[in-house]
Amino acid sequence: LAQVATGNASLRYANAIGPLLLLASVQGVGQYQQTQETSPSTIGVLADIKLGSLLGRNFSQNRFLHTIAPSLNLKSIPWLSNDDWDNHHLPYDETTALRVFHQGIVGVKQTLYTLSKGKQTERLNLEVAQPFDLKSLRALPTRIALRLNVPYLGNASLESSIDTTQSKFPAREIYGRVSTPIFNIGNLHAQYGKYASTGDRYSRTIYEISHAPSENSQDETWTHSLRAGFSLNLLNSLALAYSGSVLLERPNEETIDNRNPRPYFTQHLLTLGYTSDCNCWGIQTRAQIIDPRSLPTNVEFDPADHLSLFITLTVADYSLGSK
């Protein structure tokens, strides 16, 4: 049994310097951990400086707007009062751990808008950012994000973290999402994710900009999944939605005893809801089903354990549910 407490107090400053916007903050942070053996504590200072600008240009007879937003961010915890604090990180609380670091990130974001009848709509967005360690001058994983919004076809996004310090530029994280409308009654959607256990997503603390990949990847595991579904709005009062989650094959994965080989569905979620014409009451039924292939091979599907049914009745601002 362990307890963790974190506190902070900050001072912030913002000012426009010509075409540049300066944001600066100094934050005092402290953390206390209590276990059965020890009760260590520490305090430190988090400094954060951001400098950015926004450039834009209309073209094609003011039908389009192109903006470029360069930015620079410097962030550091230069000092902690407890010199031995690195030995007190709780394994389940790594992302909230305090540790000394000095980092920066340089980025540029480009956005394309369409202009129509005084309305500005984002159509294309590309963002590239390069974090680095200020102490070792080492490049950290490069971040790339692309978002696309096409009229009548829907929108899509793709984000990735790439380790440019290695010759083959391996992708440590990939996330994609796509959504397309079904006429005017609903949409189809899908989400894809692939993350290394040693990647930035799982190793970076909430105070840091980024985190260097682990040099020892022998024990590295991957999260690799897909989620897809649809939602429909029928007769202006009836709503139907479905989504399914799939675990995909992982790099260099060995066969696990009592488990089916990937890929396989893990769960299915089906929702059916009704809202009255007066919008004053409604009822929703949601079924969550654990897919039999995701269970250990020596476990049989049992509706009592692997099927959950939720019913919610809403009247005005009050809801009553059952399981």
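Calculation notes
Residues numbered from 1 in each chain as written. Predicted model: local features only at pLDDT ≥ 70, side-chain atom pairs only at ≥ 80, totals over all residues. Heavy atoms only, no water. Helix = DSSP H or I, 4+ residues; strand = E, 2+ residues; numbered from the N terminus. Rg over C-alpha atoms; globule rule 2.2 N^0.38 Å. Buried < 20%, exposed > 50% of the residue type's maximum accessible area, 1.4 Å probe, protein only. Contact = heavy atoms within 4.5 Å. Areas by Shrake-Rupley, 256 points an atom, 1.4 Å probe, with all protein chains shown as cover. Lys, Arg positive; Asp, Glu negative; His and termini not counted. Charge placed at Lys NZ, Arg CZ, Asp CG, Glu CD. Pairing = 2+ DSSP bridges. 1 Å grid on protein atoms, 1.4 Å probe; cavity = no way out; pocket = protein on both sides within 12 Å on 5 of 7 lines; lining within 4 Å. Points joined across faces, edges and corners; volume = space filled by probe spheres on them. Nonpolar A, V, L, I, M, F, W, Y, C, P; charged D, E, K, R; others polar. Core = buried A, V, L, I, M, F, W, Y, C linked by side-chain atoms within 4.5 Å. Salt bridge = Lys/Arg side-chain N within 4 Å of Asp/Glu carboxyl O. Polar contact = N/O pair within 3.5 Å; in protein donor to acceptor, adjacent residues only side chain to side chain.

(A) The overall build of the protein chain, seen in detail. Counting its regular elements, the protein chain contains 2 helices and 18 strands. Relative to the globule expectation of 20 Å for 323 residues, the C-alpha radius of gyration of the protein chain, 25 Å, shows a markedly less compact shape. Seen along its three principal axes, the alpha-carbon backbone of the protein chain occupies a region of about 65 × 60 × 50 Å. The buried share of the protein chain, reckoned over its 323 residues, is 29%. Considering only contacts within the protein chain whose residues lie at least 6 apart along the sequence, 49% involve residues at least 24 apart. Per element, the accessible surface of the protein chain, about 20500 Å² overall, is 57% carbon and sulfur. Charge-centre separation for the protein chain: the mean point of 27 positive side chains lies 12 Å from the mean point of 28 negative side chains.

(B) Looking closely at the pairing of strand E9 (residues 142-150). Pairing geometry for strand E7 (residues 119-133) and E9, over 6 bridges, is antiparallel. The residue of E9 that forms the bridge with Leu124 is Leu148. Inspection of the sheet shows E9 paired to strand E10 (residues 154-162) by 9 bridges, in the antiparallel sense. The partner of Thr142 across the bridge, within E10, is Ile162. The turn joining E9 and E10, which pair antiparallel and follow one another in sequence, is formed by 3 residues; a positive phi near 75° is taken by Tyr152.

(C) Just the layout of surface pockets, in detail. In this structure, the largest pocket spans a volume of roughly 740 Å³. Every residue lining the largest pocket is counted, 36 residues in all, and those nearest its centre are Ile105, Glu127, Val128, Ala129 and Arg143. Considering only residue class, the lining of the largest pocket consists of 18 nonpolar, 8 polar and 10 charged.

(D) How the structure looks around the nonpolar core. Among the nonpolar cores identified, the biggest contains 8 residues, and these are Val29, Leu46, Ile77, Leu80, Trp85, Leu98, Phe101 and Tyr207. If we ignore the near neighbours within four places in the chain, the residues touching Ile77 are Val45, Leu46, Leu98, Arg99, Val100, Phe101, His102 and Tyr207.

(E) Up close: the pattern of salt bridges. Scanning all chains against the criterion turns up 3 salt bridges. As a salt-bridge pair, Arg204 and Asp200 come within 2.9 Å of each other at their nearest N and O atoms.

(F) Quick peek at the side chain of His268. With respect to the helices and strands, His268 occurs in strand E15 (residues 264-275). At 2.8 Å, the side chain of His268 and the side chain of Tyr242 are in polar contact. Non-local contacts of His268, meaning those with residues more than four positions away in its chain, are made with Tyr242, Ser243, Ala287, Gln288, Ile289 and Asp291.

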